[in-house]
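An overview of the molecular structure
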Amino acid sequence: MMVALARLLASSLTLWKRHGSVRRDTRDAIVVEADGHVAHIVRAAPGIPFRWSITIDGRERVAGSVSGLLRMLRSSLDPDFRPSRVRIAPIEITPP
Amino acid sequence: MIPVTVLTGFLGSGKTTLLAHLLKSPKLARTAVIINEFGAVGIDHDLVEAGEESFVQLETGCLCCSIRGDLEATIADLIARRAGGTVPPFERIVIETSGLADPAPILNAIMSEGVRGSGITLGRIVTTVDAVNGLTTLAREPQSVRQVAVADHLILTKTDLATPDAGLAARIAALNGRAPVSEVLFGNIDADDLLDAAPHALDNLHLDAGHVHGEDVQCIVVRRDRPMRALTLTLLLEALADHVGPELLRLKGIVNIAERPDRPAVIHGVQHVFHAPIWLDKWPSADRNTRLVLIGRGLARPWIEHLIAAIDAELAELTTRA
């Protein structure tokens, strides 16, 4: 999971045109440094209804999914970022 | 569902000529035509003669950037008037865009109306390209590049005035190698060839090109040989909307959903607006791989592939823990 996440974060910096780096700090932590910001990403503590804990410039936040984590990270790194929430008719998980 | 065909193409590329010819076909009886013309006074609608069961509505004075709200309102109004019996019971809508229009907001408006449940669906996107000026136009006008890039069918016009040169063909192929190209004189083409193809046609998903570059617009193809969880698809669309939504001119794909691998899901989106998947009864060919085609600016295939991999890994972890 952490390997896949680190790859995604690295390619996200490129997509977002942010200058920085992504490294795995420990087996279960990722550090993102970009444009003067530092983000530490770890799995959230057990027992809380979130998946990820993100400490950005000393401030801790939580995200419920990889896509939520991405949104939160970019919001901190890119002042011009305005997420476009998806508009979609209800997805049928299985065919009718 | 009422299909909405979008007829686009740069100024003077032959859209109105094509539309006028098509509307003479009995196959296009019961068509509502919306013409968007730049300028306070439109004349294109006077050049288009509709049959008894069809009619033309004119929108003037605006471009794609400002038309979106107007277009959504026009479509909603047409649907309401159709239900109320104050207009003929049309079975399709054709929108002729202004030649200067960026097609993306227009497609977005159509998709948005579809999402609201108004009973319309995005049909084919037909783009005219002038054989005389097409190459120059594509070099100078970014909107024309986008019009070509999103097309389902490209119509090469004015080939009686100039033989299409290899440069134009190569440029078109580089921008949009998926869409068939038809040479058409004076709009003379069978309506069946343009409008009656099934919405969300899958034929142009059968491509192997990794990606095709224009200076501005890219086409990226993502293939995946393993089925995708339905939730992975949902989260993928959410992230695409978040991070590349404004730049995503078009997304279409056929997806092998893990929960029902026997029934492929066809997805279709513009910018951050997506239709609910259309479930086909069976796979159209032996190729059961998921194929996603994304057309837009600033897209990156590695990012999309890494995104899918990370979402997959997260869902696998959650499933294992459960």
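Preceding block: the structure.
In short, a report on the structure. These numbers come from a predicted model, not from an experiment.

1. Things to note about the interface of chain B and chain A
Across the contact, 39 residues belong to chain B and 33 residues belong to chain A. Counting the surface lost from both chain B and chain A, the interface buries some 3100 Å², and carbon and sulfur atoms represent 61% of this. When the buried area of chain B at its contact with chain A is split by residue, Asp242, His243 and Glu314 of chain B rank highest and sum to 20% of it. Viewed at the interface, chain A and chain B are joined by five salt bridges. Arg71 of chain A is the partner of Glu238 of chain B in a salt bridge, and the nearest nitrogen-oxygen pair spans 2.8 Å. Between the two partners, chain B and chain A, sit twelve residue pairs in polar contact (both at pLDDT 80 or more). For the side of chain B that touches chain A, the elements supplying multiple residues, two or more each, are helix H4 (103–115), helix H9 (230–244), strand S12 (273–274) and helix H10 (301–321) of chain B. Top element by residues in the side of chain B that touches chain A is H10 of chain B. It accounts for eleven residues.

2. Here's the deal with unusual backbone geometry
With a phi close to 50°, Asp35 of chain A is a non-glycine residue in the positive phi region. Tracing the sequence through the fold places Asp35 of chain A in the loop between strand S2 (29–34) and strand S3 (37–43). Under the relative-accessibility criterion, Asp35 of chain A is labelled partly exposed at 37%. The phi angle at Lys158 of chain B is positive, at roughly 60°, despite the residue not being glycine. Tracing the backbone through its elements, the reader meets Lys158 of chain B in the loop between strand S6 (153–157) and helix H7 (166–175).

3. Some points on the pairing of strand S5 (residues 120–130) of chain B
All names here are of chain B. The buried fraction of S5 amounts to eleven of the eleven residues, a majority that puts the element mostly inside the structure. Here seven bridges tie strand S1 (residues 2–9) to S5, and the two strands are oriented parallel to one another. Within S5, the residue paired with Pro3 across the bridge is Thr121. Two elements, S5 and S6, share five bridges in a ladder whose sense is parallel. What sits directly across from Val129, in S6, is Leu156.

4. Focus on the side chain of Glu96 of chain B
All names here are of chain B. Along the chain, the position of Glu96 falls in strand S4 (residues 92–96). It turns out Glu96 is buried and unbridged, and the closest side chain with the opposite charge, Lys15, is 4.8 Å from it. Separated by 2.7 Å, the side chains of Glu96 and Thr16 make a polar contact.

5. Focus: the environment of Pro49 of chain A
In this fold, Pro49 of chain A is placed in the loop between S3 and strand S4 (52–56). Pro49 of chain A sits 14 residues away from Ala63 of chain A along the chain, and the two C-alpha atoms are 9.2 Å apart.

6. Some points on the pattern of salt bridges
Under the criterion given, the structure shown has 20 salt bridges over all chains. Its salt-bridge partner being Arg23 of chain A, residue Asp25 of chain A comes within 3.8 Å of it at the nearest N-O pair. Measuring nitrogen to oxygen at the nearest pair gives 2.9 Å for the salt bridge that ties Arg51 of chain A to Glu317 of chain B. Of this pair, Arg51 of chain A sits in the loop between S3 and S4 while Glu317 of chain B sits in helix H10, on two different chains.

7. Focus on the sheet that holds strand S5 (residues 59–63) of chain A
Pairing between the strands of a sheet comes from backbone hydrogen bonds, and it takes one of two forms, parallel or antiparallel. All names here are of chain A. With respect to topology, five strands assemble into an open sheet ordered S1-S2-S3-S4-S5, the strand pairing being antiparallel. Unpaired on one side and paired on the other, strand S1 (20–26) and S5 mark the two borders of the sheet. Looking at each pair of strands side by side, their axes are set apart by 20° on average, direction ignored. By the bridge criterion, five bridges tie S4 to S5 in an arrangement that is antiparallel. Directly across from Thr55, in S5, lies its bridge partner Glu60. Sitting on the sheet, helix H2 (residues 66–77) touches S2, S3, S4 and S5, and the angle it makes with S4 is about 5°.

8. Some details on helix H6 (residues 142–149) of chain B
Of all eight residues that make up H6 of chain B, six are buried, and the element is covered over most of its length. All of the buried residues along H6 of chain B are Ser144, Val145, Arg146, Gln147, Val148 and Ala149 of chain B.

9. Some words on the packing of aromatic side chains
One pass over the structure, following the stated rule, counts zero aromatic pairs over all chains. Note that Arg82 of chain B overlies the ring of Phe90 of chain B, its terminal NZ or CZ placed 5.4 Å from the centroid.

10. Let's talk about the packing of helix H1 (residues 2–15) of chain A against H10 of chain B
The interhelical angle for the contact between H1 of chain A and H10 of chain B, taken along N-to-C directions, is 150°, at an axis separation of 8 Å. Overall, the two elements H1 of chain A and H10 of chain B adopt an arrangement that is roughly antiparallel. In the crossing of H1 of chain A with H10 of chain B, the sense of the turn from one axis to the other is left-handed. Residues Ala4, Leu5, Arg7, Leu8, Ser11, Ser12 and Leu15 of chain A of H1 of chain A lie in contact with H10 of chain B, whose contacting residues are Pro302, Trp303, His306, Leu307, Ala309, Ala310 and Ala313 of chain B. Looking at side-chain class alone, the contact of H1 of chain A with H10 of chain B contains ten nonpolar, three polar and one charged residues.

Reading guide: rules and limits
Residues numbered from 1 in each chain as written. Chains lettered and ligands numbered in written order. Predicted model: local features only at pLDDT ≥ 70, side-chain atom pairs only at ≥ 80, totals over all residues. Heavy atoms only, no water. Contact = heavy atoms within 4.5 Å. Buried area = accessible area lost by both parts, 1.4 Å probe. Salt bridge = Lys/Arg side-chain N within 4 Å of Asp/Glu carboxyl O. Polar contact = N/O pair within 3.5 Å; in protein donor to acceptor, adjacent residues only side chain to side chain. Helix = DSSP H or I, 4+ residues; strand = E, 2+ residues; numbered from the N terminus. Buried < 20%, exposed > 50% of the residue type's maximum accessible area, 1.4 Å probe, protein only. Pairing = 2+ DSSP bridges. Lys, Arg positive; Asp, Glu negative; His and termini not counted. Axes fitted to C-alpha atoms, helices over the stretch in contact; angles between N-to-C directions. Phe/Tyr/Trp six-rings, centres within 6.5 Å; stacked < 30°, edge-to-face > 60°. Lys NZ or Arg CZ within 6 Å of the ring centre and 35° of its normal. Parallel < 35°, antiparallel > 145°, perpendicular 65-115°, else oblique. Left-handed = near helix turned anticlockwise from the far one by under 90°. Nonpolar A, V, L, I, M, F, W, Y, C, P; charged D, E, K, R; others polar.

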